[in-house]
Amino acid sequence: MIWTNWARNVSVTPVRQEQPGSADELSDAIRRAVKDGHTVRVVGGGHSFAPAAATEGVQLSLDRFNALHRVERDPDTGHALVTVGAGMRLHHLNQVLAERGLAMQNLGDIDRQSIAGAISTGTHGTGARFGGLATRVRALTVVGPDGEVTRCGPTENHDLFEASRLGLGTTGVLSTVTVEAVPAFDLRAVEDVQPLERVLEELDHLVTGSDHFEFFWFPTARKVQTLTHTRLESRADPGGPVGVGRRVRRAAAAARSFIDDELLSNVALELANRTATTFPAVTPTLNSFAAQALRPRTYTAASHEVLCNPRRVRFRETEYAVPRAVVVDVLREIDAWLRSTGENVPFPLEIRFAPAEDVWLSPAYGRDTAYVAVQQYWRLPHARYFAAAEQIFTAVGGRPHWGKLHTRDVDYLADQYRRLPDFQRVRDTADPDGVFANPYTRRVLGG
Ligand SMILES: Cc1cc2nc3c(=O)[nH]c(=O)nc-3n(C[C@H](O)[C@H](O)[C@H](O)COP(=O)(O)OP(=O)(O)OC[C@H]3O[C@@H](n4cnc5c(N)ncnc54)[C@H](O)[C@@H]3O)c2cc1C
């Protein structure tokens, strides 16, 4: 069976595909693969643009590892620790948490990924004080090449924990993930259209003066769509009985999100991109129209409903983490390149922010970060655009998102990640024969 990722840029034929349903079946599947001389890769939701999950060996899906195992309190902090099967999709996790009056502290744009896949590539949202998903992991169970299960956390097998909470699955198969959740909360979302220049000039204030700030920028347009999300008090009645008022509000919210998220964001974007593909000359007009046509709106909803949205228009993406202090220069350079070449790009850039993190291989490791996502409609060529953007990113020490397209290798990344040697030491101990490696992991992580 051919396996293809969401973006349809990676296709491989694994020697076999297996979907174990229990810890014993998982250990068995790994042992059998090793005995037969095959490598092993796990696929989560298949939402990486990079060939991170690709394998011509044995492909494991942990879709059946999707149960809630337990909710407990951290004895020291009192925070909720939630342990789930590593294959649980984020939308399922969000629902499980909401039913218990809990939520993830921060999330990315979509909720189709598995929790293990999301943390393994450094999936992040936006917010100067709110790190990526891997920063919320408090424990993992890792199954090694011999099928043995090891628990790890900050105080138990610490190094394995550090290397496994963001390690592209190269230290072993994650079978459970424990995340620290926060009390459920609402977000007040303010979506606006603002002049690009004003946003760039006031960027520091916009980023640090709000909980979650990001913006979308259609290439060469002089206006951008800004999203500012403010965290509100914990939700009053998590999972409680649904009254008439709440049902009416939910129906209104559903109608609003159908119009804004489906018709305006997805249907109109697809239409504009198809038009730009056939008639490239209209792209600049379409882009500046798209920037103005977005309707300013303000609404309040549960955090995961605000943060995660359907992305139905297929695209390709490279994304780099750059020091926050240089992001305005980086954006100006990308703008200059797009203007001088007239490259046909009807898809917006997305600019997000993160605090310095301590996860060994986090692209935000040790520095306040801006993530610049450069996206292209899947039917249009992206290579020249992405290569130009990469040159701009790497000139400022940018670090590529591990799950997105890029051309960096371990030599470049060794200069960017101080803890890479520690990571390699742990990985080589956990998986000395490279059972969990593939060509992509060898390129970016060595070994
Ligand atoms: C439309 C779209 C929107 C996106 N939005 C964002 C965003 O807002 N922010 C962001 O940072 N990224 C975003 N991404 C990227 C995405 O979050 C990452 O690529 C993520 O890894 C995908 O998760 P997945 O479950 O699909 O993992 P996969 O792509 O299937 O796998 C990713 C990696 O995790 C490994 N893996 C998966 N499960 C396990 C396991 N149980 N044990 C060990 N290793 C495992 C795989 O082997 C692979 O190396 C987006 C991608 C798309 C297509």
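Since this is a predicted model, take the numbers as computed values, not measurements.

*Asks:* What exactly am I supposed to notice about empty space enclosed by the protein here?
*Replies:* Unoccupied space between atoms shows up once a probe the size of one water molecule is rolled over them. Counted according to the given criterion, the structure contains one cavity of 30 Å³ or more. There is about 40 Å³ of room inside the largest cavity. Lining the largest cavity are Gly122, Thr123, His124, Gly132, Ala134, Leu166, Glu357, Ser362, Pro363 and Tyr371. Residue composition of the lining of the largest cavity, grouped by class: four nonpolar, five polar and one charged.

*Asks:* Explain unusual backbone geometry to me, please; I cannot follow it from the model alone.
*Replies:* With the exception of glycine, most residues fall at negative phi, and the peptide bonds are largely trans. Of note in this structure, Leu168 is not a glycine but carries a positive phi near 55 degrees. Within the secondary structure layout, Leu168 lies in the loop between α4 (158-164) and β11 (173-183). Taking the relative accessible area as the measure of exposure, Leu168 reaches 6% and is therefore buried. In this structure, Thr220 is a non-glycine residue whose phi angle is positive, near 70 degrees. With respect to the helices and strands, Thr220 occurs in the loop between β13 (212-217) and β14 (223-234). Residue classification places Thr220 among the partly exposed residues on the basis of a relative accessible area of 23%.

*Asks:* Can you walk me through helix α13 (residues 420-430) in this structure?
*Replies:* Because each turn of an α-helix spans 3.6 residues, side chains separated by three or four positions in sequence point in the same direction. Every buried residue of α13 is accounted for by Leu420, Phe423, Val426 and Arg427. End-on, the buried residues of α13 take up no more than an arc of 125 degrees, which puts them together on one face. Facing away from the buried side of α13 by more than 90 degrees, the exposed set consists of Pro421 and Thr429. Close packing links the buried residues of α13 with α4, α12 (410-416) and α14 (439-445).

*Asks:* How should I be thinking about the pairing of β11 in this particular structure?
*Replies:* On a regular strand, each side chain points to the face opposite its neighbour's, so the side chains alternate between the two faces of the sheet. Judged by how many residues are buried, β11 sits mostly within the fold: ten of eleven residues are covered. In this structure, strand β7 (residues 80-85) lies alongside β11, joined through six bridges in antiparallel fashion. Bridging from a neighbouring strand, Ala80 pairs with Ala181 of β11. Taken together, the two bridges between strand β8 (residues 102-103) and β11 define a ladder with antiparallel strand orientation.

*Asks:* I keep staring at the pattern of salt bridges and nothing clicks. Help me out?
*Replies:* Pairing is possible between side chains of opposite charge, provided their charged atoms come close. Inspection of every chain in the model, using the stated rule, returns 34 salt bridges. Linking Asp28 and Arg31 is a salt bridge whose minimum nitrogen-to-oxygen distance equals 3.8 Å. Placement of both Asp28 and Arg31 in helix α1 (residues 23-35) is noted, with a separation of three residues, approximately one turn of the helix. On the basis of relative accessibility, which here comes to 38%, the residue Arg31 falls in the partly exposed class. Among the salt bridges present, the one from Arg419 reaches Asp422, with a minimum N-O distance of 2.6 Å.

*Asks:* Would you mind showing me how to read the pairing of β13 here?
*Replies:* Burial of β13 is extensive: six of the six residues sit out of reach of the surface. Relative to strand β17 (residues 349-354), β13 runs antiparallel, the two being bridged by three bridges. When the sheet's bridge partners are listed, Trp217 is paired in β17 with Leu349.

*Asks:* Explain the sheet that holds strand β3 (residues 16-18) to me, please; I cannot follow it from the model alone.
*Replies:* Through backbone hydrogen bonds, the strands of a sheet pair up, either in parallel or in antiparallel fashion. Within the open sheet, the three strands sit side by side as β3-β5-β4. Their pairing is parallel. Taken across any chain shown, the strands that pair with only one partner, and hence form the sheet edges, are β3 and β4 (40-43). For this sheet, the mean angle separating the axes of adjacent strands, direction not counted, is 25 degrees. Pairing geometry for β4 and strand β5 (residues 58-61), over four bridges, is parallel. By the bridge assignment, Val42 is partnered in β5 with Leu60.

The rules behind each value
- Residues numbered from 1 in each chain as written.
- Predicted model: local features only at pLDDT ≥ 70, side-chain atom pairs only at ≥ 80, totals over all residues.
- Heavy atoms only, no water.
- 1 Å grid on protein atoms, 1.4 Å probe; cavity = no way out; pocket = protein on both sides within 12 Å on 5 of 7 lines; lining within 4 Å.
- Points joined across faces, edges and corners; volume = space filled by probe spheres on them.
- Nonpolar A, V, L, I, M, F, W, Y, C, P; charged D, E, K, R; others polar.
- Helix = DSSP H or I, 4+ residues; strand = E, 2+ residues; numbered from the N terminus.
- Buried < 20%, exposed > 50% of the residue type's maximum accessible area, 1.4 Å probe, protein only.
- Arc of directions from axis to C-beta.
- Contact = heavy atoms within 4.5 Å.
- Pairing = 2+ DSSP bridges.
- Salt bridge = Lys/Arg side-chain N within 4 Å of Asp/Glu carboxyl O.
- Axes fitted to C-alpha atoms, helices over the stretch in contact; angles between N-to-C directions.

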